[in-house]
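Spelled out, the chains give:
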Amino acid sequence: MNTALAPPGPPSARLILLFAVACGSAVANVYFAQPLLVTLGEQFALGPGLLGAIVAITQLGYAAGLFLLVPLGDLVDRRRLITLQLGLLAAALLLAGLAPGTAALLTALTAVGALAVIAQTMVAAAAHLTAPELRGRVVGAVTSGVITGILLARTVAGVVADLAGWRAVYLFSAVVTATLAVLLRLALPTDRPPTVTMPYRRLLASTVALFARHPLLRVRGMLALLVFAAFSTLWSSVVQPLSSPPWSLTHTAIGAFGLAGAAGAAAAGAAGRWNDRGLAQRTTGTALVLLTVSWLPLAFTRQSLWALAVGAILLDFAVQAVHVTNQSLIYAVHPDAGSRIIGGYMVFYSAGSALGAMGSSAAYAAAGWTAVSALGAAFSCAALLLWATTRRLGSVG
């Protein structure tokens with residue numbers, strides 16, 4: 001076990017890889033339910049208009065965890081926090097896999113969402129261990145794990161559910177999470193002494209104060225809300241047309257579309273490098289144009305699976321490019337408050353994800369896939385408009 005204080009250079013390649021895998025595994029738990037929604041609806045007697053509640057309750061738990069748990073990374077030893085929280089996440093996943101009814105399932109999934117925010121604590125830890133001139137590429141490398149986890153969660157959940165049932169998805173993840181907790185306990189260096197000494201209540205209040213004080217944090221937070229609302233609009237509702245005629249796909253086939261979107265993970269590393277070169281605005285604008293354009297092929301999902309695949313690649317690439325650029329920019333505002341800033345920023349992300357999940361379920365129940373596509377395009381256009389009206393302000397990156 002390495003007990004030396006970490007120098008302000010890049011973490012080892014082995015630790016970056018372990019961070020990426022652990023981040024991806026943690027955040028995947030928030031998305032496992034998406035290809036399983038129809039099955040869970042049948043199991044727990046939920047109608048089509050209520051299926052989004054399964055995703056939304058997990059995202060609301062995630063939002064609560066972002067505000068209440070992630071800021072602790074600025075106050076306590078991150079090594080201890082990361083391993084303890086992963087252990088609790090494994091327990092919550094076990095409860096989800098064994099849930100006997102709707103109330104138990106939703107309670108367990110709320111806890112899973114709240115504890116899965118450990119991924120953001122690990123992103124902040126990676127940034128904390130890295131010199132500023134290398135931070136963009138390291139954050140990009142770790143965030144690529146988060147992105148891959150989000151996208152491959154659907155594929156893994158679909159395959160495991162077809163082989164062993166939906167409960168096995170959560171039970172299998174509980175074992176993986178517990179294993180990662182042990183590996184990180186052994187691999188993480190002893191943290192530097194916390195730079196923040198204040199009561200927990202003041203720590204939370206300071207998060208709000210940081211966003212009130214800095215326009216960059218507010219603008220990038222709103223961009224996150226809108227782009228992840230668009231992201232969730234697609235992935236929270238596409239299971240319904242794909243599981244219905246004319247496609248009638250299995251869990252595995254539905255989850256496989258996560259592989260198409262996984263190409264978007266390539267945007268993470270590239271966006272980090274572009275940010276280090278001072279191209280954050282150009283990256284953001286180009287990505288938001290691609291996000292808006294992606295809804296043109298996505299609108300034809302009922303007619304062509306190729307259209308869905310092309311649209312998913314464009315959408316995921318665009319969302320992840322904006323997300324990595326956002327995180328690299330906001331961390332630089334106040335590195336000593338990195339956990340609070342990333343946690344607060346991710347509250348916007350989670351709120352957008354919940355908004356997209358609930359909105360797309362309601363839109364699909366009311367007017368089918370056409371309404372879902374219109375909703376996703378509206379979120380994307382709003383994000384592009386926000387960027388266009390704020391890009392000339394030097395204070396917003």
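The shown structure was predicted, so the numbers you read here are calculated from the model rather than taken from an experiment.

Rules and cut-offs
Residues numbered from 1 in each chain as written. Predicted model: local features only at pLDDT ≥ 70, side-chain atom pairs only at ≥ 80, totals over all residues. Heavy atoms only, no water. Domains from an automatic or database assignment. Contact = heavy atoms within 4.5 Å. Salt bridge = Lys/Arg side-chain N within 4 Å of Asp/Glu carboxyl O. Polar contact = N/O pair within 3.5 Å; in protein donor to acceptor, adjacent residues only side chain to side chain. Helix = DSSP H or I, 4+ residues; strand = E, 2+ residues; numbered from the N terminus. Expected span 1.5 Å × (residues − 1). Buried < 20%, exposed > 50% of the residue type's maximum accessible area, 1.4 Å probe, protein only. Core = buried A, V, L, I, M, F, W, Y, C linked by side-chain atoms within 4.5 Å.

According to the domain assignment, the chain consists of domain 1 (10-197) and domain 2 (198-396). Between the C-alpha centres of domain 1 and domain 2 the distance comes to 18 Å. Facing 56 residues of domain 1, the contacting portion of domain 2 comprises 52 residues. Inspection of the region where domain 1 meets domain 2 yields zero salt bridges. Linking domain 1 with domain 2 are six residue pairs in polar contact (both at pLDDT 80 or more), by the criterion used here.

With that settled, the discussion passes to helix α8 (residues 166-187). Its 22 residues place the ends of α8 32 Å apart at the C-alpha level, agreeing with the 32 Å of an ideal helix rising 1.5 Å per residue. Taken residue by residue, α8 has Trp166, Ala168, Val169, Tyr170, Ser173, Ala174, Thr177, Leu180, Ala181, Leu184 and Ala187 as its buried positions. Residues of α8 that are buried make contact with α1 (13-31), α2 (37-43), α4 (78-97), α5 (102-115), α6 (118-128) and α7 (135-164).

A word on the environment of arginine 277. Structurally, arginine 277 is set in the loop between α13 (266-276) and α14 (280-298). For arginine 277, a relative accessible area of 61% gives the class exposed. Residues arginine 277 and glycine 136, 141 residues apart in the sequence, show an inter-C-alpha distance of 9.4 Å.

Time to look at the nonpolar core. Formed by 116 residues in total, the largest nonpolar core has its most connected members in Phe19 and Leu234. Examining the composition of this core, we find that 13 residues originate from one element, helix α16 (residues 338-390), more than from any other. Of the domains in this structure, domain 1 (10-197) and domain 2 (198-396) are the two that each give at least three residues to this core. Setting aside residues no more than four positions away along its own chain, leucine 234 makes contact with Trp295, Leu298, Leu308, Ala312, Leu315 and Trp369.

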